[in-house]
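# Descriptive analysis of the structure
Listed below, chain by chain, are the residues.
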There are 4 protein chains.
Amino acid sequence: MSDNSFGRLLRVTTFGESHGPAIGCVVDGCPPGIPLAPEDFSHDLARRATGKTRHTSQRHEADEVEILSGVFEGRTTGTPIALLVRNTDARSKDYAKIADQFRPGHADYTYLHKYGVRDPRGGGRSSARETTMRVAAGVIARKWLADRFGVQVRACVSQVAGLVPGRFDWDAVESNPFFWPDAGQVAELEAFMDALRKSGDSAGARVHVQALGVPPGWGEPVYGKLDAEIAAAMMSINAVKGVEIGAGFASVTQKGSEHRDLMSPEGFASNHAGGILGGISSGQPIDVSVAFKPTSSLRLPGATVDRSGAAVEVVTTGRHDPCVGLRAPPICEAMLALVLMDHALRHRAQNADVPPVTPKVPGG
Amino acid sequence: MSDNSFGRLLRVTTFGESHGPAIGCVVDGCPPGIPLAPEDFSHDLARRATGKTRHTSQRHEADEVEILSGVFEGRTTGTPIALLVRNTDARSKDYAKIADQFRPGHADYTYLHKYGVRDPRGGGRSSARETTMRVAAGVIARKWLADRFGVQVRACVSQVAGLVPGRFDWDAVESNPFFWPDAGQVAELEAFMDALRKSGDSAGARVHVQALGVPPGWGEPVYGKLDAEIAAAMMSINAVKGVEIGAGFASVTQKGSEHRDLMSPEGFASNHAGGILGGISSGQPIDVSVAFKPTSSLRLPGATVDRSGAAVEVVTTGRHDPCVGLRAPPICEAMLALVLMDHALRHRAQNADVPPVTPKVPGG
Amino acid sequence: MSDNSFGRLLRVTTFGESHGPAIGCVVDGCPPGIPLAPEDFSHDLARRATGKTRHTSQRHEADEVEILSGVFEGRTTGTPIALLVRNTDARSKDYAKIADQFRPGHADYTYLHKYGVRDPRGGGRSSARETTMRVAAGVIARKWLADRFGVQVRACVSQVAGLVPGRFDWDAVESNPFFWPDAGQVAELEAFMDALRKSGDSAGARVHVQALGVPPGWGEPVYGKLDAEIAAAMMSINAVKGVEIGAGFASVTQKGSEHRDLMSPEGFASNHAGGILGGISSGQPIDVSVAFKPTSSLRLPGATVDRSGAAVEVVTTGRHDPCVGLRAPPICEAMLALVLMDHALRHRAQNADVPPVTPKVPGG
Amino acid sequence: MSDNSFGRLLRVTTFGESHGPAIGCVVDGCPPGIPLAPEDFSHDLARRATGKTRHTSQRHEADEVEILSGVFEGRTTGTPIALLVRNTDARSKDYAKIADQFRPGHADYTYLHKYGVRDPRGGGRSSARETTMRVAAGVIARKWLADRFGVQVRACVSQVAGLVPGRFDWDAVESNPFFWPDAGQVAELEAFMDALRKSGDSAGARVHVQALGVPPGWGEPVYGKLDAEIAAAMMSINAVKGVEIGAGFASVTQKGSEHRDLMSPEGFASNHAGGILGGISSGQPIDVSVAFKPTSSLRLPGATVDRSGAAVEVVTTGRHDPCVGLRAPPICEAMLALVLMDHALRHRAQNADVPPVTPKVPGG
């Protein structure tokens, strides 16, 4: 079933457990000729990494990527690109005590019902550690999209618990550890996170991810709708509970006359559609909003049952993120880039013969 | 690429344009031995159909299903089930005037950029008419899920524009034309819809869809997460702009200690997870919320461009729904049922050898 | 699992039983803009049809193709093309007596073990009637390959029982009912077939299928090798027991110095590879040879068992082909064309950026 | 397109170049609970390995398998199993001189046309080195098939150039370096191979691969026929030019009354079908015959062109097999096992509800 694979023409398969010897991925279907070196992965992996500030998990992984195949003399060859990252800071002893308990809100209970067995060390396969390889694979997609089409993918945290940005400045996002678009609120966020960490509780967050420069015409219009595949991509990230395209749930209370994005020779008047109409890109920015639940790995005790069915109280120790959403922007970017590259490849397979269409509405 | 297909082990392929000779589907991978007759489709197709009240499009289609294959002596044989519905009330002349204009908020513009050509009659392939076959295919999935596992799938409209139910009574849902869970508000809804229709504008809606009785253990834990595939399924429905599982976007403002669903030998204390943990069913009800935008087919004129690039004003005539969300519950149910049946089949492929796991938390 | 579908980017799904109401197919992933009309299917369907000479089954089917979708104003739109052929000459009573017996060499026994049920009318889904839709789908692929690349696909019968052509003249193939490349042997073949039919027995045959004009570079080099997918395509045709590419089994007794096709600026010196190296087309003609077993539908009685397990003697009545291979060339052509079109689409998805490569060996 | 993946429910993805740092694979979809340790791979990898006798390539690889994921406490967990083998004896300098020449009969020319670039070191991705990982993945499938169903897969070399076994003794096969079923001919084979190696030429071979104990009912009856997928699996192995099921090409000259396998309460009277009817297993042994061409890596000079298009003479140095077929039995076994396991999983997905069918013909 290949459920550990993602994409159709650009196919990413990830493997590895949180506390196993390594994690890795195979990227198949990548066009030849793309410059690629191990250091290309450093920037985005560092953006996703834990342990760089006190606000994230204190696990320190080097996250050094070894390219095992698919690259010759610094360029992709069209054969599968295998990437490997060794796990170096796995402390499995932290988890021994909970191997026989089901942590509320975790996949412990469901994995056991599915497989009859589970690897309890660090959450095994259900750990967010898997997302490292999504980010790595996304690096390739981002490079290709940028080089070939000028497409840029970016993301920020647009809400933490009840806090929303006072102003929205994309330039601020990469200059603080919270991917936060309002530099003036960073101190407030730090205080919030310090208090949260001290409390032993966790917080939810919202991430906004955006693609700029996507040409009109990408997407498959029925079950392979661009927005449908984006929704699946985002919902496949650990802790995600909701996905919106464009106006999202706000469209429930809009009138049609308000929601529809009028067009003129000067461009689109608005972008409630979020850059996708009928499952196909319109040329406007693609806007996606993603809800991350508060992680269930808390130091606060909680009622649960053990494998014998008895009521117990569980406390999750180990190293965890009090707000997983804070590390999610690079992951969301990667997933959006992978969906877009896949659709770009599908588009040219079927539609390479289609002559350029006029008119092209500016910004669309 | 098969973008007109859905599912992995239970694979539904739909075809047909809104105003073409027919629409249809092929359901491949259905187990043998399921009783199936043309009349099995009537109930759900009638629930989805237009033209039954003044509140929906006035297109009247018989929606008679012909079973072309895959059934012998009243039971499925395991071979592909082809279903055909002839279009009988297509009025293509209504659309002639807009063939050269791009209706704002429609797929006209994006289809043309993708394909270089489009069938303008009734929206062609982008029409919600395609969802007829989703509902038909869903009938088979619902039968199988109910017979084999006692799984029930149901849906209601949980918001129309700013109106939310005062009370939530599942028994009320099927007794009014709005799939509305509060019988006491039906008159209010009728008045709202009458005013809306008269205004020429349209309204958004929210649909809640739920599966009861899903056993723990269904779902694939990384890219084939049950919630990821549900999100894609819902987002592939025309006019959907957002999908939530369980607490959805509300989880952004929850604390972890509030969001996590505590367990005891008596059962789960809450269901913020919406019945899915780590991409795998927990045994609790699966709860999904879906945002439908207000349809862009309005009688109110709107600014757009024509194929020459010139600014024009467009008015959509033809027969349209002022609130497409009102007909969406049967479609959402069908999509959820198809995802669940597909995962049930996948589950037993990989996990047929897994012995029953204890404990099983009640209601989970 | 979609086992009734074929292809990746050009995806053909067939449905229908031999004696059901209709057979049909959905062709998904076809590029837009291809001229297509119902009459385009007539020629190849007639070439495959039964009942035109005394040497094939006497079932007479009109095989009129209805295009249900995917074509607008005479051209494909990029949406799924559904084709329907009604069955008009099904005589199911012929099969009533054998519903409880397993015909030796048929799928009766294996279908029952797989599904627990089978449609005994005319072989149900296992009938060669299904290949009608392969030929229909192949028409689209052949058109596209010819128009876009000048690729021609053709086939002949290259052996019947012990008879091989005395000379090989492609021009003779379409001028006799046996697709036979030696016009001087047609009388001999007729006499052979008359005697065979009279004897109540059946004969095997070999079909040679060839593609001319395939450019170098099509094919995926590991599990999607062009020859691997051709082998699967041919072996999926009813009654096929063997497939060879190029020299095929003769390569077992060749020396490497004899088998390898030397190259010079003037071209390739031979084509033992059959036009495929490392799973990728070389530009030489693609040569495939296919073994068709003698059909097991005989008038000669044979020992078998019935559903109670008792020994019985079975005689297959009904209308059957004494040599199914004689009708196979159009089917083999269709399958080869479908594989090639699929690979052409895959090629341009991944390799659209690859600049033309020199040198190009003539004929290669 | 994931052409480096194989299988549907049991999905194997391989990666790695002949002279790159490593080769590896990811096996996804494997049921949980299967005992698995690195040493389980040793036996079959050693059977496939080069350098053990003078009759194969003199490359010496340790072929030590590292299990990177998917196994916990000695058993599979249901998550992807990643296997890694480091390349240790790659001598890339041997290939430097041919980087700009196209070796006749190799994939050099076609890879360059496909990708515009190729890794010339040891054939890169087109090297038979890739088959190491097929054998490794096949080990898992063979274990599962044996444990769950008692299915045994085995293979032998049944022809080398013009030499065929004088007698057929499966017990002899594993006791000589040629997988040859007639112990009395081993000396003759050794002499043949010595002379061949000395001549600088290469020889073709035929491999017979067989599965015993496959229950009736596995296989998908149209495009996923068991024999179609076996044909693709075998044809995807380097150097394969032909595949036969059961009687194969011999069925061309058989009468139907001779080919069909009669049944009685005592069993099948013959097995011309090779254990597959209508694409579904009959319960008889599955018999497959595979043609391996003589490798094109010869020390004998051959005419070709270089990248400038000029005529040149090429000599392949490096370390090569004079008869690749001699190492192929473990690879053919692995591919057959992988196809069978995949179909076993597909079978139970769709047909888990089918009650056991009577009668079951003995040996079938």
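Criteria and thresholds
- Residues numbered from 1 in each chain as written.
- Chains lettered and ligands numbered in written order.
- Predicted model: local features only at pLDDT ≥ 70, side-chain atom pairs only at ≥ 80, totals over all residues.
- Heavy atoms only, no water.
- Helix = DSSP H or I, 4+ residues; strand = E, 2+ residues; numbered from the N terminus.
- Rg over C-alpha atoms; globule rule 2.2 N^0.38 Å.
- Areas by Shrake-Rupley, 256 points an atom, 1.4 Å probe, with all protein chains shown as cover.
- Lys, Arg positive; Asp, Glu negative; His and termini not counted.
- Charge placed at Lys NZ, Arg CZ, Asp CG, Glu CD.
- UniProt positions renumbered as here; feature names shortened; annotations may be inferred.
- Contact = heavy atoms within 4.5 Å.
- Buried < 20%, exposed > 50% of the residue type's maximum accessible area, 1.4 Å probe, protein only.
- Polar contact = N/O pair within 3.5 Å; in protein donor to acceptor, adjacent residues only side chain to side chain.
- pLDDT = per-residue confidence, 0-100.
- Buried area = accessible area lost by both parts, 1.4 Å probe.
- Salt bridge = Lys/Arg side-chain N within 4 Å of Asp/Glu carboxyl O.
- Nonpolar A, V, L, I, M, F, W, Y, C, P; charged D, E, K, R; others polar.
- Pairing = 2+ DSSP bridges.
- Least-squares fit on C-alpha atoms with pLDDT ≥ 70 in both.
- Phe/Tyr/Trp six-rings, centres within 6.5 Å; stacked < 30°, edge-to-face > 60°.
- Lys NZ or Arg CZ within 6 Å of the ring centre and 35° of its normal.
- Axes fitted to C-alpha atoms, helices over the stretch in contact; angles between N-to-C directions.
- Parallel < 35°, antiparallel > 145°, perpendicular 65-115°, else oblique.

This next bit is on the overall build of chain A. A count of helices and strands for chain A gives eight helices and 17 strands. Over its C-alpha trace chain A gives a radius of gyration of 21 Å, about what one expects of a compact globule, namely 21 Å for 364 residues. Reported as C-alpha extents along the three principal axes, the dimensions of chain A are approximately 65 × 50 × 40 Å. Summing over all exposed atoms, chain A offers an accessible surface of approximately 10500 Å²; the carbon and sulfur share of this is 52%. Side-chain charges in chain A split into 39 positive and 40 negative, and the spacing between the mean points of these groups amounts to 3 Å.

Residue and element names in this part refer to chain A. Taken from the UniProt record, the annotation "binding site: NADP(+)" (unreviewed entry) applies to Arg 48 and Arg 54. Along the chain, Arg 48 turns up in helix α1 (residues 42–48). Beyond its immediate stretch of four places on either side in the chain, Arg 48 contacts Asp 63, Ala 128, Arg 129, Thr 131, Thr 132, Val 135, Arg 327, Pro 330 and Ile 331. Summarising the element assignment, Arg 54 is placed in the loop between α1 and β4 (66–67). According to the relative accessible area criterion, Arg 54 is partly exposed, its value standing at 43%. Apart from the residues lying within four places of it in its own chain, the contact partners of Arg 54 are Glu 190, Asp 194 and Arg 197.

Mapped onto the present numbering, the UniProt feature "binding site: FMN" (unreviewed entry) falls at Arg125(A), Ser126(A), Ser127(A), Asn238(A), Ala239(A), Gly278(A), Lys293(A), Pro294(A), Thr295(A), Ser296(A), Ser297(A) and Arg319(A). Of the residues just listed, which span 195 residues, the most distant C-alpha pair is 43.4 Å apart, and they do not cluster in one region. Position of Ser126(A) among the secondary structure elements: in the loop between α2 (108–115) and α3 (131–149). A distance of 2.8 Å separates a polar side-chain atom of Ser126(A) from the backbone oxygen of Gly123(A). Among the structural elements, Thr295(A) can be located in the loop between β15 (286–292) and β16 (302–305). When its relative accessible area of 12% is taken as the criterion, Thr295(A) is described as buried. The residues touching Thr295(A), leaving out its near neighbours within four places in the chain, are Ser202(A), Asp321(A), Pro322(A), Val324(A) and Gly256(B).

This part takes up the confidence of the model for chain A. With 97% of its residues at a pLDDT of at least 70, chain A reaches an overall mean of 93. Quick note on the complex model: pTM equals 0.97, ipTM equals 0.97.

Right, let's get into the interface of chain C and chain D. Interface size is commonly expressed as the accessible area that is lost once the parts come together. With 115 residues of chain C at the interface, the matching set in chain D holds 115 residues. Here chain C packs against chain D, burying approximately 9000 Å² in sum over the two surfaces, 63% of which is carbon and sulfur. Sorting the residues of chain C by area buried against chain D places Lys114(C), Tyr223(C) and Lys241(C) first, and these three jointly supply 10% of that buried surface. The interface formed by chain C and chain D holds two salt bridges in total. Here Lys114(C) ties to Glu220(D) by a salt bridge, and the two come within 3.4 Å at their closest N and O atoms. Our count for the chain C to chain D interface comes out at 39 residue pairs in polar contact (both at pLDDT 80 or more). With seven residues, helix α2 (residues 108–115) of chain C is the single largest residue contributor to the side of chain C that touches chain D. Grouping the constituent residues of the side of chain C that touches chain D by class yields 51 nonpolar, 42 polar and 22 charged. Of the strand pairs in this sheet, strand β10 (residues 240–245) of chain C and strand β10 (residues 240–245) of chain D are connected by three bridges, and their pairing is antiparallel.

Superposition of chain A onto chain B requires a rotation of 180° combined with a translation of 0.0 Å along the rotation axis, giving an RMSD of 0.0 Å. Accordingly, the operation relating the two chain copies is best matched by a two-fold axis. Here 100% of the interface residues in chain A have copies in chain B that are interface residues too; the copies meet face to matching face.

Attention shifts here to the relation of the copies chain C and chain D. Rotating chain C by 180° and translating it 0.0 Å along the rotation axis places it on chain D, where the RMSD comes to 0.0 Å. The residues that chain C uses at the interface reappear at the interface of chain D in 100% of cases, marking a shared surface.

With that settled, consider the interface of chain A and chain B. The interface of chain A with chain B comprises 115 residues on the first partner and 115 residues on the second. Taking both sides of the interface into account, the surface hidden between chain A and chain B amounts to around 9000 Å²; carbon and sulfur atoms contribute 63%. Viewed at the interface, chain B and chain A are joined by two salt bridges. Here chain A and chain B share 39 residue pairs in polar contact (both at pLDDT 80 or more) between them. Top element by residues in the side of chain A that touches chain B is α2(A). It accounts for seven residues. Grouping the constituent residues of the side of chain A that touches chain B by class yields 51 nonpolar, 42 polar and 22 charged.

With that settled, the discussion passes to the packing of aromatic side chains. Inspection of the entire model under this criterion finds 30 aromatic pairs over all chains. Aromatic side chains Phe249(C) and Phe249(D) sit 6.1 Å apart centroid to centroid with 65° between the ring planes, which places their arrangement in the edge-to-face category. Here the residue Phe249(C) occupies a position in the loop between β10 and α6 (256–259), and Phe249(D) occupies one in the loop between β10 and α7 (256–259), the pair thus bridging two chains. With centroids separated by 5.5 Å and ring planes inclined at 70°, the aromatic side chains of Phe168(D) and Trp170(D) adopt a geometry described as edge-to-face. Exposure remark for Trp170(D): the relative accessible area of 19% places this residue in the buried category. An aromatic cluster of at least three residues, connected via ring pairs, comprises Phe102(A), Tyr109(A) and Phe268(B). Arg148(B) extends its terminal NZ or CZ atom over the ring of Phe149(B), reaching a point 5.5 Å from the ring centre.

Where helix α8 (residues 329–351) of chain A contacts helix α2 (residues 108–115) of chain B, the two axes come as close as 9 Å, and the packing angle between them is 65°. With respect to α2(B), the element α8(A) is oriented roughly perpendicular. Contacts from His347(A), Gln350(A) and Asn351(A) of α8(A) reach α2(B) at His113(B), Lys114(B) and Tyr115(B).

This paragraph deals with the side chain of Arg327(A). Residue and element names in this part refer to chain A. Mapped onto the fold, Arg 327 is located in the loop between β17 (311–314) and α8. Side chain to side chain, Arg 327 and Asp 321 meet in a polar contact 2.5 Å long. In this structure Arg 327 touches Arg 48, Ala 49, Thr 50, Thr 56 and Asp 321, once residues within four positions along its chain are discounted.

Further remarks concern the pattern of salt bridges. Scanning the model with the defined rule gives 100 salt bridges over all chains in all. With a closest N to O distance of 2.7 Å, Arg47(A) and Glu174(A) form a salt bridge. One end of the pair, Arg47(A), is in helix α1; the other, Glu174(A), is in the loop between α4 (170–173) and α5 (186–199), with 127 residues separating them in the sequence. Judged by relative accessible area, which is 10%, Arg47(A) ranks as buried. As a salt-bridge pair, Glu333(D) and Arg142(D) come within 2.6 Å of each other at their nearest N and O atoms.

Moving on, we get to the pairing of strand β2 (residues 11–16) of chain A. All names here are of chain A. Most of β2 sits inside the fold, with six of its six residues counted as buried. In β2, alternate side chains face the same way, and those of Arg 11, Thr 13 and Phe 15 on one face and Val 12, Thr 14 and Gly 16 on the other are all buried. Pairing between strand β1 (residues 5–6) and β2: two bridges, direction antiparallel. Residue pairing for β2: Phe 6 is matched across the bridge by Val 12. For β2 and strand β3 (residues 22–28), the ladder comprises six bridges, and the chain directions are antiparallel. Paired with Thr 14 across the bridge in β3 is Cys 25. Hairpin remark: β2 followed by β3, antiparallel, with five residues in the connecting loop.

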